[in-house]
Amino acid sequence: MKFFVDTADVAAISELNDLGMVDGVTTNPSLILKSGRNILEVTKEICEIVSGPVSAEVVALTADEMIAEGRKLAEIAPNITVKVPLTHAGLKTCKVLSDNGLMVNVTLCFSANQALLAAKAGATFISPFIGRLDDMNLEGLDLIQDIRTIYDNYDFKTQILAASIRTANHVSQCALIGADVITAPPAVIKGLANHPLTDKGLEQFMSDWAKTGQKIV
Ligand code: G3P
């Protein structure tokens with residue numbers, strides 16, 4: 001399973017990249033706002049750090065304007081994935097840009113039928129939002145399982161990019177289901193390393209090692 005980091009914070013991306021945890025990056029208009037940066041500049045900087053797919057989202061609402069924005073974003077770097085919303089205009093944009101050989105990530109997916117449409121439109125990635133379904137007392141992970149089953153039934157090549165991931169449990173459950181990719185905030189990815197028994201065990205090892213009086217280097 002690939003790990004994408006869901007942020008436009010260059011320092012955070014760089015830190016995780018040094019740990020070998022960044023297979024790609026996803027951004028959205030809210031994350032660009034949070035970064036306080038210009039979308040074209042910050043996305044270019046991210047693409048200089050990360051060689052995997054970097055999603056940059058269009059903000060127009062009509063297909064013609066989305067296509068124009070998508071083409072402009074794609075000029076930033078060869079690893080740009082144009083992110084479009086799951087609307088009719090977004091699906092049309094997906095079809096046109098995919099036919100032109102660009103990677104497209106269809107976002108704001110909340111149902112299996114929406115995921116089916118995105119696959120038929122040639123999406124490289126579909127982004128179902130787990131956390132936002134959980135927020136409504138629905139089971140976000142069920143959607144990941146449903147899409148996995150549907151895509152496997154028909155051998156769709158669109159990759160399931162599980163998004164709106166809030167917890168370590170979301171990550172492990174996505175891995176068990178067989179999501180192709182998860183995208184999560186830096187803190188969630190870093191937090192996957194934490195375990196109280198690891199801390200306790202390390203404390204014991206350090207204490208015993210000190211008593212040996214030895215040094216390795
Ligand atoms: O990038 C889209 C998605 O991951 C957003 O997550 O936490 O704002 O629902 P969240």
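To keep things clear, this report deals only with the structure shown in the data block. Because the structure is predicted, anything quoted here is derived from the model rather than measured.

1. Overview of a nonpolar patch on the surface
On the surface, Leu202, Phe205, Met206, Trp209, Ile216 and Val217 cluster together into a nonpolar patch covering about 760 Å² of accessible area. Relative to the elements of secondary structure, valine 217 occurs in the segment after α11 (196-212). Valine 217 gets classed as exposed once you look at its relative accessible area, which sits at 95%.

2. Details of the nonpolar core
By size, the foremost hydrophobic cluster in this structure holds 60 residues, and its most contacted members are Ile80, Val106, Ile126, Ile165 and Cys174. Apart from residues no more than four positions distant in its own chain, isoleucine 165 is found in contact with Ile130, His170, Val171, Cys174, Ile182, Thr183, Ala184, Pro185 and Val188.

3. So, the packing of aromatic side chains
The tally for this structure, following the rule as stated, stands at 4 aromatic pairs. Ring geometry for phenylalanine 110 and phenylalanine 129: centres 5.5 Å apart, planes at 65 degrees, overall edge-to-face. Within this pair, whereas phenylalanine 110 is found in the loop between β5 (103-109) and α6 (112-120), its partner phenylalanine 129 is found in the loop between β6 (125-128) and α7 (130-134), the two being separated by 19 residues in sequence. Ring centres of tyrosine 151 and phenylalanine 156 lie 5.7 Å apart, and the angle between their planes is 65 degrees; this geometry places the pair in the edge-to-face category. Note on tyrosine 151: relative accessible area 0%, which makes it buried. Members of the aromatic cluster, each reached through a chain of ring pairs, are Tyr151, Tyr154 and Phe156.

4. Quick notes on helix α1 (residues 10-18)
Structural remark: α-helix, 3.6 residues per turn; residues separated by three or four positions point the same way. Turning to α1, its buried residues are Val10, Ala12, Ile13 and Leu16. What you see down the axis of α1 is that its buried residues fit within an arc of 160 degrees, all on one side. Along α1, exposed side chains directed more than 90 degrees from the buried face belong to Ala11 and Asp18. Against β1 (2-6), β2 (24-26), α3 (39-49) and α10 (186-191) lie the buried residues of α1. Looking at where α1 begins, the residue whose side-chain oxygen comes 3.1 Å from the main-chain nitrogen of alanine 11 is aspartate 9. Just downstream of α1 lies glycine 20, where phi reads positive at about 80 degrees.

5. Thoughts on the side chain of asparagine 28
Inspection of the secondary structure assignment puts asparagine 28 in the loop between β2 and α2 (29-35). By relative accessible area, which is 16% here, asparagine 28 ends up buried. Residue contacts for asparagine 28: discarding those within four places in its chain leaves Glu57 and Lys83.

Quick notes on the rules
- Residues numbered from 1 in each chain as written.
- Predicted model: local features only at pLDDT ≥ 70, side-chain atom pairs only at ≥ 80, totals over all residues.
- Heavy atoms only, no water.
- Patch = residues over 30% accessible without salt bridge, like charges linked within 9 Å, V, L, I, M, F, W, Y side chains within 5 Å.
- Areas by Shrake-Rupley, 256 points an atom, 1.4 Å probe, with all protein chains shown as cover.
- Salt bridge = Lys/Arg side-chain N within 4 Å of Asp/Glu carboxyl O.
- Helix = DSSP H or I, 4+ residues; strand = E, 2+ residues; numbered from the N terminus.
- Buried < 20%, exposed > 50% of the residue type's maximum accessible area, 1.4 Å probe, protein only.
- Core = buried A, V, L, I, M, F, W, Y, C linked by side-chain atoms within 4.5 Å.
- Contact = heavy atoms within 4.5 Å.
- Phe/Tyr/Trp six-rings, centres within 6.5 Å; stacked < 30°, edge-to-face > 60°.
- Arc of directions from axis to C-beta.
- Polar contact = N/O pair within 3.5 Å; in protein donor to acceptor, adjacent residues only side chain to side chain.

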